[in-house]
Each structure stands twice: as C-alpha cells, then as structure tokens.
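Each chain, letter by letter, is given below.
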Amino acid sequence: MQRPLVLTLVLALVMSLLGAAGAAAQKLESQPGYLPIDQLNLFPVDKLSVEVNIEGPLLRMIAAATRQDDPGFSSVMAGLKSIRLQAFPLKGADAGAVKGRIGGAVRWLDAHGWVSSVKVRDKDQETYIYLKQSGEKVEGLTLLSFSPGDEAVLINIVGNIDPAQLGRLGQKFDLPQLQKVPAQGGAKKPE
Amino acid sequence: MTPQNDPIRCEEALDLIEPYLDGELPPAEAARLRDHLEGCPACAAELALARRIQGSLRALPQPDCPPEVIARVVRAGRGEVVPFAAPAVSAGRRARAVRGRLAAAAAVAALAVGGGTLFLHLQQQREQEARPSQAEVAEATREARLALAYVGKVSRRAGLDVRDEVLQKRLVIPTARSLSRSLGDLQGPAGEPRKEL
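Because the structure is a prediction, the values reported are computed rather than measured. Throughout, residues of each chain are indexed from 1 in the direction in which the sequence is written. The order in which chains are written sets their letters, starting at A; the order in which ligands are written sets their numbers, starting at 1. For a predicted model such as this one, the threshold for reporting local features is a pLDDT of at least 70, and the threshold for listing and counting side-chain atom pairs is 80 or more; totals across whole chains, interfaces and linings nevertheless cover every residue. Values shown for side chains rest on all heavy atoms present in the structure; no hydrogens or waters enter the calculation.

Visitor: Explain the overall build of chain B to me, please; I cannot follow it from the model alone.
Guide: Secondary structure follows DSSP: runs of H or I at least 4 residues long count as helices, runs of E at least 2 residues long count as strands, and numbering of each begins at the N terminus. Within chain B, the regular secondary structure consists of six helices and zero strands. Seen in sequence order, chain B has helices and strands lined up from the N terminus as α-α-α-α-α-α. Pairs of residues are marked as contacts when any of their non-hydrogen atoms sit within 4.5 Å. Of the contacts formed within chain B by residues at least 6 apart in sequence, a portion of 50% connects residues at least 24 apart. Note on areas: Shrake-Rupley, 1.4 Å probe, and residue coverage restricted to the protein chains presented here. By element, 60% of the accessible surface of chain B is carried by carbon and sulfur atoms, the whole surface being about 14,200 Å².

Have a look at this one:
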C-alpha cells in the first residue's frame, strides 16, 4: 500500500516540476507567429539603421508603465510576446540584392502557412503584409517593405494581434519624431 | 586407528556428528563414532567445529513464535485444513504502519512543495536580476512606438499606393480616355487638329 502512494507522489512531483520547467522554457521560437529572421538573413545586421528587439517581460513592463497615459498602446503591448524591427538603408546599397532577398522571404512566408494580407508592387516599391492565423486569432504579423532610395524594412510582431488596432496606433505615432530621439538601447538612430 | 581400518568410514562419521551432538545416536553407534574420532584427527576437528557452531547458535536469543502460528502448526500437524489468513496485526503495529505511510507521504509532499518553491524562487531571482531599469523601460517603450510607427508608415504607404492605383484605374485613365474621346471629336480623324471649330 505504501509503495504505490509514494510512487504516485513522486510522479506528481516530477510531473509538476517538468510542467513548470516546460512553461518557463516555452521559447519564443516555438510561437506560431515567430519569424526566424536570422535564418532568412535579409539584411546585414551591422548596417541596419534601426533595429528593435523587445520580448516578453519587457513588453509586460511597457504595458504596465503606459497603462495610465496610453491605455490603447498599453493593451496592445500586454498582448504581445515580441516586437522585432530591422530597417536597412538602401542609399548606396545593392538594392537589387536586397529586393531578391525580400522575394526569398516572401516565398518562405508563402510556404510556411503565412497568409498574405497586403501585397503591393508599384514601380519599384514593394510592400507585403503577412498574417499567421490560428482560427480567428492573429498570432503573428510580418511586414516587409522595399522602397528604393529610402529603406527596406522587416517587422515581425508575435502575440495576440489586432492588425487594425496596430495600424491605427502606428498612424498615431510620429515616426520622424520618434527617430529623432537618441537611441540608448537596441534601436539605432537612422543615419 | 586410521580411518581406512575403521569399520566406520569418514563420510559416515561426518553424517553421524550432528545426531551425536544432539544425543540422538544409539549408545553402540555413538561408541563406534567415538572410536573413529579417537583415531581420526580430521573428523575430530569436524566434531569440534560442529560443537562450536552449536554453542554459538544456542547462545542466540530465541524469537518468540506467535501463539496463533503454533496453534496453526499444531492443527496442520493433526491433518486439519488450516485456511490461510492474514497475520493478526496488533493495533500498535497497525498504527505504526499508518504513521510510516503518512510520514513517507508527508516527506514526498514536502519535497514537492520545497522543490516547487525553490524552482519559483530561482525563477523570480532570475527575473529580478534581469529586470530592466525605468530608463530601459522608457527606451523600450520608445522603441515599441517606433516599431508601430513603422507599421503605420509602411501600411500607409501601401494604402496610398492602393489608393493611387485605384484612382489611376478607375478615375484618371477613364477620365483621360473620355477626355481624349471628347478631344478626338473636336479634332479631325487620326488625331489631326480640326481646322475650324
């Protein structure tokens, strides 16, 4: 009688510890909306004009810090698991090669269950917005933009996403104003 | 007397040593064994060893056999069918067993709680160590807004492109055609300007 009881308890202990460890170790890479940016190798990392990498705990802290002043932004941040942005200046760069790599990334997205939401090709400008959906929920957003003479941009947002809300928030923020603030962390100031 | 000449051979003598020590041999048999042992130092040594072992065993405390077992053995010896039954356990022994199980369960539960607490503590410690400062949160907030601003910029650009495309296809080109037709009516065939209106 004693042995099964002890065995059950030991098993319960092991399972609970494994469960806790598994939950803690749930990696961003395993999220459906995660884009393996390193694997796609779109832009040379040392030549990025802007780079943003914000993940889980920091996003929760941003949500908490902006709850009073900007509840809309705060609620969006609370639902996200990561925001990654890479902007690569095309002035003086081999724009053709970059355009080719963006084409490769688009093919990768098409082949990996991402749904094309916006695809605009106008003259040399290209814009792609892809969504990773799970039922009704959007769990990933990838945005690729190629604008000759300006820059190429890659954005991957993972988490509980409302694209319309993201778009509205994005319209609200003044990009040139934000770019003027000297970068201290991951974001580099555009040249 | 050597063992070879003895009417009792060594193998037989060794078999007789135990019953001899237990006093179970008939006197004549015992006398024959003693004669053999007098002339056989090997068998005499075996007897001495057997004596020592017997003495040691007798010196051990004798365990009490529960009276129920003795009764059952006696009944079985009489040829009675004795059904198997779980040994009667005293209330004290049962209580000790229950206490043992509870102690084991408590130990495992304590281990589970302790392990879980330690894990959570280490997790919190790691998060505490990695907790960014206010300045870092402010900078990350700016970066997050910057990323969303990029989303806005690119989608706005895409929207404008779409709008331009739509305007081009649905308004500008048809209007131009219409204008051109109108102008064509005003101009001569093959696009030559009419000489007079």
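Visitor: Would you mind showing me how to read the packing of aromatic side chains here?
Guide: Working definition: an aromatic ring pair is given by the centre-to-centre distance plus the angle between the planes. Ring geometry is summarised as follows: Phe, Tyr and Trp rings, the Trp one being its six-membered ring, pair when their centres sit within 6.5 Å, and such pairs are stacked at plane angles under 30 degrees, edge-to-face over 60 and tilted between the two. Evaluated as defined, the whole model comprises one aromatic pair over all chains. With a centroid separation of 5.5 Å and an interplanar angle of 5 degrees, the aromatic rings of A:F43 and A:F88 are classed as stacked. With A:F43 in the loop between α2 (37-40) and β1 (50-55) and A:F88 in strand β2 (residues 80-89), the pair connects residues that are 45 residues apart, well separated along the chain. Cation placement over rings: the criterion is NZ of Lys or CZ of Arg within 6 Å of the ring centroid and within 35° of the ring normal. Over the face of the ring belonging to A:F73 we find B:R145, whose NZ or CZ atom lies 4.6 Å from the ring centre.

Visitor: Teacher, can you tell me more about the packing of helix α1 (residues 10-21) of chain B against helix α3 (residues 41-59) of chain B here?
Guide: Two packed helices can be described by the angle between their axes and the distance between those axes. Residue and element names in this part refer to chain B. Remark: α1 packs on α3, axes separated minimally by 10 Å, with the N-to-C direction vectors making an angle of 30 degrees. Relative to α3, the element α1 is oriented roughly parallel. The handedness of the crossing between α1 and α3 is right-handed. Seen from α1, the contacting residues are C10, A13, L14, I17, E18, Y20 and L21; seen from α3, they are C43, E46, L47, A50, R51 and Q54. Of the residues belonging to the contact of α1 with α3, the class tally is nine nonpolar, one polar and three charged. For helices, the axis comes from a line fit to the C-alpha atoms of the stretch in contact; other axes are also lines fit to C-alpha atoms, and the angle between any two N-to-C directions lies between 0 and 180 degrees. For classification, angles of less than 35 degrees are called roughly parallel, those exceeding 145 degrees roughly antiparallel, those between 65 and 115 degrees roughly perpendicular, and all remaining angles oblique. The crossing is said to be left-handed when, going from far helix to near helix, the turn is anticlockwise and less than a right angle, and right-handed when the turn is clockwise. All residues other than Ala, Val, Leu, Ile, Met, Phe, Trp, Tyr, Cys, Pro, Asp, Glu, Lys and Arg, Gly among them, are scored as polar; the first ten of these are nonpolar and the last four charged.

Visitor: What is the right way to read the sheet that holds β2(A) from this model?
Guide: What links the strands of a sheet is backbone hydrogen bonding, and the strands pair in either a parallel or an antiparallel sense. All names here are of chain A. Taken in spatial order, the six strands line up as β1-β2-β6-β5-β4-β3 in an open sheet, and their pairing is antiparallel. A single partner strand is all that each edge strand has here, and the edge strands are β1 and β3 (115-122). Across this sheet, the average inter-strand angle for adjacent strands is 5 degrees, counted without regard to direction. Here β2 pairs with strand β6 (residues 151-161) via nine bridges, running antiparallel. Within β6, the residue paired with A87 across the bridge is V153. Relative to β1, helix α3 (residues 56-65) is tilted by about 90 degrees, and along the sheet it contacts β1 and β2. Strands are treated as partners if at least two bridges between them are detected by DSSP.

Visitor: What exactly am I supposed to notice about the pattern of salt bridges here?
Guide: Note on definitions: salt bridges are taken to be side-chain nitrogens of Lys or Arg within 4 Å of carboxyl oxygens of Asp or Glu. Per the counting criterion, the structure on display carries eight salt bridges over all chains. Between A:D150 and B:K153 there is a salt bridge; the shortest N-O distance is 3.5 Å. Taken together, the positions of A:D150 in the loop between β5 (137-146) and β6 and B:K153 in helix α6 (residues 134-186) put the pair across two chains. Between A:E151 and B:K153 there is a salt bridge, with its nearest N and O atoms 2.9 Å apart. Here A:E151 is found in strand β6, whereas its partner B:K153 is found in helix α6 on a different chain. Taking the relative accessible area as the measure of exposure, B:K153 reaches 19% and is therefore buried. Within this structure, A:D150, A:E151 and B:K153 form a network of salt bridges that share partners. Relative accessibility decides the category of a residue: with a 1.4 Å probe and only protein chains considered, values under 20% of the type maximum give buried, values over 50% give exposed, and everything between is partly exposed.

In short, geometric facts, not functional conclusions.
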